[in-house]
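Coordinate inspection notes
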Amino acid sequence: MLKTMLYFLIFSSYAFADQKLCSNPDIMIIDSSFDLSENEKVLVCGTKESDQAWKKVPLLQAQYQLNVLLQNAGYLDATFENTGDKLIVKKGKRAETSQLIITGSNGVVEVSKKRKIVGEPMVPQKLDEVKNWIELEAKRQGHACPKIEMRAQAWDYKMFADVEAGPVQSIGEIFRSGYGTLDLEALKRYEAFEPGGQYNVIETEITIDRVMAQGLFQNAYITTICHDDKVDLNFISEVGKPKLLRFSVGASTEEFPFADVWFKNSRLDDRASSFLAQLHASNIRQTLELSSELYVLANSYRTFVGPRLKFERKNERSFESNKGEVGSDIGRAWDISHIRVKGRLGPTLNYLKTVSGQGPDELNYLSWDGSLSAASHSYEAFSRSQFEGWTGDVKYTGQRKKIGSGLNVDRYDIRLKYLYNVNAYAPPLIVIASRFETTFVDTHHRDDPTEITDLPVDLRIFYGGNNNIRGFSRHTLDNEGRGYISSLLAGFEFRLVQVAPYNLEPLLLFDSAKLGTRQYEFISPTFISYGAGLRWVSPFGTLRFSAARGQVWNNSIETSDYPREWVYNISFGEEF
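The structure displayed is predicted, hence computed values, not measured ones. Each chain carries its own residue numbering, running from 1 in the written order of its sequence. Whole-chain, interface and lining totals are the exception, using all residues; otherwise, since this is a predicted model, local features are given only for residues with pLDDT of at least 70 and side-chain atom pairs are given and counted only at 80 or more. Side-chain descriptors were evaluated using all non-hydrogen atoms of the structure, hydrogens and water having been removed beforehand.

1. Quick notes on empty space enclosed by the protein
By rolling a water-sized probe across the atoms, one finds the places where empty space is left. A cavity here means a set of points on a 1 Å grid, drawn over the protein atoms and nothing else, where a 1.4 Å probe fits but cannot get out; a pocket is an open set with protein on both sides within 12 Å along at least five of seven lines, and a residue lines either one if it has an atom within 4 Å of a point. Grid points are joined across faces, edges and corners, and a volume is the space filled by probe spheres set on the points. Inspection of every chain in the model, using the stated rule, returns 4 cavities of 30 Å³ or more. Volume-wise, the largest cavity comes out at about 100 Å³. Around the largest cavity, the lining is made up of 13 residues, and of these N466, R470, E493, R544 and S546 lie nearest the centre. Broken down by secondary-structure element, the contributors of at least two residues to the lining of the largest cavity are β23 (505-516), β25 (541-553) and β26 (566-572). Secondary structure elements are defined from DSSP: runs of H or I of at least 4 residues count as helices, runs of E of at least 2 residues count as strands, and each element is numbered from the N terminus. If you tally residues by element for the lining of the largest cavity, the top one is β25, at 3 residues. Among the residues making up the lining of the largest cavity, the classes are represented as 4 nonpolar, 4 polar and 5 charged. We call Asp, Glu, Lys and Arg charged. Ala, Val, Leu, Ile, Met, Phe, Trp, Tyr, Cys and Pro are nonpolar, and the rest, Gly among them, are polar.

See the structure below:
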């Protein structure tokens, strides 16, 4: 008893001297609180709800459990005073990693690239984080089965990673199981790797993402079997139901709110031909699309026939239109040099009614439509995080007089988006996102700009909004309702990652554009916008906020009426 009294006198100067860990009055922490979860409280303090083992926990057992919990939280120097009837705890200072040392990596990773370790609490999760990072980098560089041992020193708070990367390996045999009645050759069109190529874990992961997104399997994964300079892949899958129905919702200040309904039959036949129905509804746009990818060509498992039907209503600032189109394409998708490529081309029969706005009231015409899109494997793998890789596409639509149309006109769209992780930090520190776009509408009458209003409204260019110049409201750059036929855009974002609290990512933005009322030419004013915003990746989708101001350089009479103001945008489920 005397010992206990002396102990309390010694530590009576500490603040929070009466902090209790739980309802058990015999356990006390004296140098600040330490929160326990409900389950942890049962392990340390017992529970009144139990009439057996956990009703009362012996102090020695409580001390052991509490010491484990404190160490897991980074308190490596906790001290305990167990008097037999009281347990008094001083958790001490939280240990912070003083240095990360990586040995044996042979250049596979650079310790200077790993952030959020030195100066952070030395806890098991941080050791796992470093191990997972090294393993990912090694497997991206062809080391399929690296060996990594993690350890930490309690006396100087140093963290060590001992790495044995092993040889760079190429893919040997590929074993597949669980694909049911599906044609094995047809499944290969989703694979981002091929036998003989250098192993890259990113390519195995996006292969799994593709087949799962396609709805072919309800479960799939790939394991590795290493043999010297070769690695065999074991592709294990489990066939699920072919019919999928998905609902999603989003919102923005431009489309508030919007909803999407997605129905897919992913296995019309053993070649995994598919049917897709998509419904989009918002205050601005309502769209119903029906399409198929039919792999019916006898000598090809990658080339498809793509019949499609689309109905769309738009209610924009400058016009309101109703459109219906039916067509069919020949398409193909393939992987080359760590890039996913997909192309399609075919005729479309169009019906367009302009309810309000400048342009032909009603049109029926035949057009040819084609697209070629590409994305790097790294962009595909990290599309949710948005910090690495690139994606782009080229689109064409054209029509000819006397071949189902009253006009000769072609429209070309080129888009590129590039994400750069500055200095390749993990996790990223600064991400620079950029996008470049250009559109040209060739009317084949270069000297008569008044022909803009003779074009179908969906061929003309209307700028302003979250998808291009963010400092101007949606479609406010509209050439007095006529639209433009030439555009050039460059947009940038500079984003900070894991610097602000609550996983918020502050960003700066800048956009610049040129527009033209003549084909392949631009008017003298330059439209710019600048501002700032926040990005947050929630468990349910990306939430973004931005505030941007639009300006016009070299202003002229034709752009003098455009507003110069701050535009605020909030969106959920959209990206840059």
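From this point, the discussion proceeds with the structure in view.
2. Brief notes about the layout of surface pockets
There is about 910 Å³ of room inside the second largest pocket. In this structure, the second largest pocket is lined by 40 residues; those nearest its centre are F387, Y425, A426, P427 and P428. Of all the secondary structure elements, the ones that give two or more residues to the lining of the second largest pocket are α4 (124-140), α7 (377-381), β20 (409-421) and β24 (526-538).

3. Let's talk about the pattern of salt bridges
Basic side-chain nitrogens of Lys or Arg form a salt bridge, by our definition, when they fall within 4 Å of a carboxyl oxygen of Asp or Glu. With the rule as written, the count across this model stands at 35 salt bridges. Among the salt bridges present, the one from R140 reaches E388, with a minimum N-O distance of 2.7 Å. Of the two residues, R140 is situated in helix α4 and E388 in the loop between α7 and β19 (389-399); the sequence distance between them amounts to 248 residues. With a relative accessible area of 22%, R140 lands in the partly exposed category. Here's how the labels work: a residue is buried when its accessible area is under 20% of the maximum for its type, exposed when over 50%, partly exposed in between, all with a 1.4 Å probe on protein chains only. Since its relative accessible area comes to 19%, E388 is described here as buried. A salt bridge links R313 to E320, with the shortest nitrogen-to-oxygen separation between them at 2.9 Å. Taking relative accessible area as the criterion, R313 reaches 29% and is therefore assigned partly exposed. Judged by relative accessible area, E320 falls into the buried class, the value being 17%. Several salt bridges share partner residues, and in doing so they unite R470, E493, R495, E505, D511, R535, R544 and E575 into one network.

4. Focus on the nonpolar core
Residues L21, I27, F34, V44, L66 and L70 are the most contacted members of the largest nonpolar core, which totals 20 residues. Those elements giving two or more residues to this core turn out to be β2 (27-29), α2 (38-45), α3 (59-72) and β4 (87-90). Examining the composition of this core, we find that 5 residues originate from one element, α3, more than from any other. In what follows, residue pairs with any heavy atoms lying within 4.5 Å of each other are defined as contacts. In contact with L21, other than residues within four places in its own chain, are I27, I29, F34, L36, K41 and L66. Core analysis: the second largest hydrophobic core is formed by 19 residues, L187, Y190, F193 and V201 among them. Definition used in this section: a nonpolar core is a set of buried Ala, Val, Leu, Ile, Met, Phe, Trp, Tyr and Cys residues joined via side-chain atoms within 4.5 Å.

In short, shape yes, function no, at least from these values alone.
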